[in-house]
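Coordinate inspection notes
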Amino acid sequence: MEKFCSIWKHTFWNGVGDDLHYRIIQGGHKSTWLSSFKTSSQRRLLTVVLQGAAGVGKTTLAKKWMLDWAQDHLPETLHSAFYLSCKELGRQGACTFAELLARKCPDAQEAGPQALAQGQKVLVVIDGFDELRVPSGSLIHDICGDWKEPKPVPVLLGSLLKRKLLPKATLLVTTRPEALGELRPLVEQPLLIEAEGFLEADRRGYFLRHFEQRDQALRAFRAMQDSPALFPMGAAPAVCWVVCTCLKGQLEKGEDPASTCRTPTSLFLRFLCGQCPPAAPGRGPAPRLPTALQALSLLAARGVWAQTSLFDGQDLGRLGVGESDLRPFLDGKVLQADADCEGCYAFLHLSVQQFLAALFYLLDGAGPGDAGGCGCAQDVGDVRALLSKEERLRNPSLTRVGHFLFGLANEERARELEATFGCRVSLDVRRELLRVTRARDWPFSSRADTRELMRCLYESQEEALVREALAPLAELALHLQSERDLVQASFCLRHSQALRGLSLQVEKGIFLENDRFWEPGTWAERSQQDHHALCRWTELCSVLSSNKNLALLEVSQSYLSHSSVRILCEQMTRVTCNLQKVVIKNVSPVHAYRDFCLALVGKKTLTHLILEGSIHCDSMLLLLLCEALKHRRCNLQYLRLGSCSDFTHQLNDFSLALKVNHSLKSLDLTASELGDEGVKLLCGNLRHPNCFLQWLSLENCHLTEVCCKELASTLMVNQRLTHLSLARNNLGDGGVRLLCEGLSYPECQLQTLVLSQCSITRCGCQHISDFLQGDSSLTHLDLSLNPIATGLWFLCEALKKPGCNLKCLGLCGCSLPSFCWQDLASALASNQRLEVLDLGQNSLGQSGITVLFEALKQRSSPLKRLRLRADESSAQTQKLLKEVRDSNPKLNIDCKAAQAASSFCEFPFFTPQDNFPVIY
């Protein structure tokens, strides 16, 4: 232990141990765990897992606690401590557990296995569990309890964690978060601690200690603080050292440090160029410098792909270089001798290794014997593999390499590299990056992946690259989780003029002015933080007025503030904002809906508006909406108000607005608490000659049979209404009878009727069949999720009649009996108009499928789409499917439709002629 203490006192980051912070995640409290960590009275076995990002001080904290343990000498107690570095042991061959401990602590041989196994004052530090390179899950299955049996080192460490070796010892494991999934099955009820590294105050203090002049220190600190991407990385002391080293020279020359801190790529590029000796006047870089840089980048790339950060002389030898060739990078601390493993090297920080790994893809002649430019060594994946979701899930370090690769694809940065190192930088990788982002199978498909794309493009800081990458995208869905996301998204959106649809989801915590749970004394800090966020938000929202092609905006599941709502609304009101369709769903604060409504009053370009969420008790919002509908410049065609409970109190005002407004064609009041009385009032307006509504949804509005007479009379009079949805209302057979009376009138022009889940039985089907056999205008009928059972016979009788005009019929989940399929087959054989039939969630059985398919073999059948539940793996079903498709190639049969879709026969929200992306 004396040797260990000596090494500890001379570590590179000597003096920062007291500034490193950690917090208990689960299993204990900071005030008590260290005392139990050191006392022999502790009863339960203790396994401590210290997790944290690369470079935040996990090893430093582990060694500090190990030193505390070693210096706590208790009488008559065996007191041993072992430090096992996984990145060092990963290079070691098979050995016994006794040999493993003896190499780390010769005293262990004297104590003997028995004494160590029973000793409760034995501490084993397993440092860098994430550096163990073993197949996933293998550590669980290969367990060894024999001290004398030679095993691979990972097996011995896994057995130690499973307490088959040293069962009473205290274990302290350090790891990065991405390896926790592999570690958790090996440890039982661990004390989980997160290493936080430098907090904001610690970073500020570090800068003040590094700079001689206070004003320079604070200016440098603010430059890093203003970078949402770089500032979190400052939790690692090494990154703070890099920032200080780079900015100190710039400030002494009177240069602005902001550009260096804009992105991690700009910082590490400046660091790499600044740490190498400047070229002599009139002469270029040292002759061997380009070769050394190429070798170093290949070394970094191989390490990233192999998920290792430690390299020995053999690794350098395979590159064709020695320590002398790498001397400029060793002197500049880019690469340094490892403190724990003699004769081995490691990069200053994982980010430095990832940066150099990205550089490998750009350097011509990426290493001796390796392909240049975008070419790769055998043990290094190409650009497509680097950016693939599968590889990034297996190896999270590749994500940061991808960011740096986009950052280095900047032409200006490429020229700086060439001038500093005398190397040739190929920008062929730029074309490859664009090919990957434009491919159909590109890895950026979900909201999370789109955020990743924004980060990559922002890292490039090149407008032309952003424009080219986003040119094919007509829509973007962004999930904003931090100020960093705001910065990156606003930069990318400014250069995406082809964008037509934008969806935003804003997480809680970005805007803080409405947060009433602030801790005392944090007002100034929170206020400054909110100011920064609002500035970033303003930049993002400006795309609404600067992009003339942007026509669709959705804001959903978002936590905003009064100021952020005001900023967004201000951009909406601008003349250059051409929004046509606006969707606001589940947004807080609740009064935000009023602001949005006010902003859209008189918006001539607006044609579609959806408001859903906290509007169920806002009567003022409904009054504002009525004013908007009455505005002379209102061109609104589609309006949806979701979950509006107070709507009945404003129906008179709303009715007046509908009489004045001549543009509104579609009204969706789904889940509004209209009730029968509310529908009666609404129907009075629908019968008015100035009502121009064509599409009406009253789904789930608490309607019963009582209101159906009013609806029927409306259908008799209103010749403009073509679509009516009454789904999820308890209308019953009596309500259907009344509706059919209105539908039977020759003046009724209704084409689509949705009655899914309306408690309709056999009797109701008889009423429907009667009016369908006349000269009805109805072409789309949805009866899904109604227990009609044998009522299908009545519908089949209607389908056989030449006067039935049905083109689409939904019977999903209607409890149809097996003996009815012959009737349906007979109806399909004679019907000449039905094009779409939904039989999903009904049990046809093999006999029913056979009967139906035999009828569908008729070439004269007009059916184009059929949904049903059938076992496609059945040989008989496959044979029938082939026969039907051969005889009727225009018919599309979906056998996997197991779920009901009440909208199967409905008009879509956006009709095909709109040509707008549907992103919600």
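Placed above this text is the structure.
So, a few notes on the structure that sits alongside this text.

Cut-offs and rules
- Residues numbered from 1 in each chain as written.
- Predicted model: local features only at pLDDT ≥ 70, side-chain atom pairs only at ≥ 80, totals over all residues.
- Heavy atoms only, no water.
- Helix = DSSP H or I, 4+ residues; strand = E, 2+ residues; numbered from the N terminus.
- Buried < 20%, exposed > 50% of the residue type's maximum accessible area, 1.4 Å probe, protein only.
- Contact = heavy atoms within 4.5 Å.
- Areas by Shrake-Rupley, 256 points an atom, 1.4 Å probe, with all protein chains shown as cover.
- Pairing = 2+ DSSP bridges.
- Salt bridge = Lys/Arg side-chain N within 4 Å of Asp/Glu carboxyl O.
- Axes fitted to C-alpha atoms, helices over the stretch in contact; angles between N-to-C directions.
- Parallel < 35°, antiparallel > 145°, perpendicular 65-115°, else oblique.
- Left-handed = near helix turned anticlockwise from the far one by under 90°.
- Nonpolar A, V, L, I, M, F, W, Y, C, P; charged D, E, K, R; others polar.
- Phe/Tyr/Trp six-rings, centres within 6.5 Å; stacked < 30°, edge-to-face > 60°.
- Polar contact = N/O pair within 3.5 Å; in protein donor to acceptor, adjacent residues only side chain to side chain.
- Expected span 1.5 Å × (residues − 1).
- Core = buried A, V, L, I, M, F, W, Y, C linked by side-chain atoms within 4.5 Å.

Quick look at the overall build of the protein now. A count of helices and strands for the protein gives 40 helices and 24 strands. Within the protein, the proportion of its 920 residues that are buried is 56%. Counted over contacts in the protein with a minimum sequence separation of 6, partners at least 24 positions apart contribute 80%. Put simply, the protein shows about 38,600 Å² of open surface, and 48% of that area lies on carbon and sulfur atoms.

For the rest of this paragraph, the subject is unusual backbone geometry. Put simply, S588 and P589 share a cis peptide bond, and its omega is 5°. Inspection of the secondary structure puts P589 in the loop between β13 (581–588) and α30 (592–600). A positive phi angle, close to 65°, is found at R163, a residue other than glycine. With respect to the helices and strands, R163 occurs in the loop between α9 (153–161) and β5 (170–175). On the accessibility criterion, R163 (16% relative accessible area) is buried.

Time to look at the pairing of strand β10 (residues 475–480). Here β10 lies mainly inside the structure; five of its six residues are buried. Relative to strand β11 (residues 501–506), β10 runs parallel, the two sharing six bridges. Bridge assignment links H479 to a residue of β11, and that residue is Q505.

This brings us to the pairing of β11. The buried fraction of β11 is high, at six of six residues. On β11, burial covers both faces: G501, S503 and Q505 on one face and L502, L504 and V506 on the other are all buried. Here β11 runs beside strand β12 (residues 552–559); their pairing, made up of four bridges, is parallel. The partner of L504 across the bridge, within β12, is V555.

Further remarks concern the pattern of salt bridges. Evaluation of the coordinates by the stated rule reveals 33 salt bridges. R176 serves as the salt-bridge partner of E131, at 3.9 Å between the closest nitrogen and oxygen. Placement of the pair is E131 in the loop between β4 (122–127) and α8 (138–141) and R176 in the loop between β5 and α10 (180–183), with a sequence separation of 45 residues. The two residues E131 and R176 agree in class, both being buried.

This next bit is on the packing of helix α11 (residues 200–210) against helix α13 (residues 237–252). Packing of α11 against α13 brings their axes to within 10 Å, and their N-to-C directions diverge by 40°. When the interaxial angle is binned, α11 and α13 end up oblique. Considering the relative orientation of α11 and α13, their crossing is right-handed. Mapping the contact onto sequence places R203, Y206, F207 and H210 in α11 and P237, C240, W241, V243, C244, T245 and K248 in α13. Considered class by class, the residues forming the contact of α11 with α13 number seven nonpolar, two polar and two charged.

The geometry of two aromatic rings is summed up by the distance between their centres and the angle between their planes. Here the structure, examined in full by the defined rule, presents 16 aromatic pairs. Between F207 and F221, the ring centres sit 5.7 Å apart and the planes meet at 70°, which makes this aromatic pair edge-to-face. Of this pair, F207 sits in helix α11 while F221 is found in helix α12 (residues 214–225), placing the two residues 14 residues apart along the sequence. The class for F221 is buried, based on a relative accessible area of 4%. Ring geometry for Y638 and W695: centres 5.8 Å apart, planes at 55°, overall tilted.

With that out of the way, let us pick up the environment of T308. You can see T308 is positioned in the loop between α15 (289–306) and β7 (311–312). Sequence separation between T308 and D130 is 178 residues; the distance between their C-alpha atoms is 9.0 Å. Those residues in contact with T308, other than ones at most four positions away along the chain, are R91, E131, R133, G303 and Q353.

Further remarks concern the side chain of N718. As for its placement among the helices and strands, N718 is situated in the loop between α34 (708–717) and β18 (723–725). At a separation of 2.8 Å, a polar atom in the side chain of N718 contacts the main-chain carbonyl oxygen of L686. From its side chain, N718 meets the backbone nitrogen of R720 in a polar contact 2.7 Å long. Discounting residues that sit within four places of it in the chain, N718 has contacts with L686 and L693.

Turning next to the sheet that holds strand β9 (residues 344–347). If you walk across this open sheet you meet the three strands as β7-β9-β8, and the pairing is antiparallel. If you trace the sheet from one side to the other, it starts and ends with β7 and β8 (335–337), each paired once. Packed on one face of the sheet, α15 meets β7, β8 and β9 and runs near 85° to β9.

Looking now at helix α33 (residues 675–686). Over its twelve residues, α33 runs 16 Å from end to end, which matches the ideal 16 Å to within 8%, given 1.5 Å per residue. Next to the buried residues of α33 lie α32 (651–660), β17 (695–697) and α34.

Before going further, it helps to spend a moment on the side chain of S266. Here S266 lies in helix α14 (residues 264–275). On the accessibility criterion, S266 (11% relative accessible area) is buried. From its side chain, S266 meets the backbone oxygen of T260 in a polar contact 2.8 Å long. Within the structure, the side chain of S266 is placed 2.7 Å from the backbone oxygen of T263, a separation counted as a polar contact. Ignoring anything within four residues of it in the chain, the contact list for S266 reads S259, T260, C261 and R413.

Our focus in this paragraph is the nonpolar core. Formed by 255 residues in total, the largest nonpolar core has its most connected members in F329, L356, W537, L698, L811 and F853. For this core, the element with the most residues is α15, which contributes eleven residues. Those residues in contact with L698 that lie beyond four places of it in its chain are L669, L674, V679, L682, L703, L711, S725, L726, A727 and N729. If you look at the next biggest cluster of nonpolar residues, it comprises 32 residues, including L84, L100, L101 and W147.

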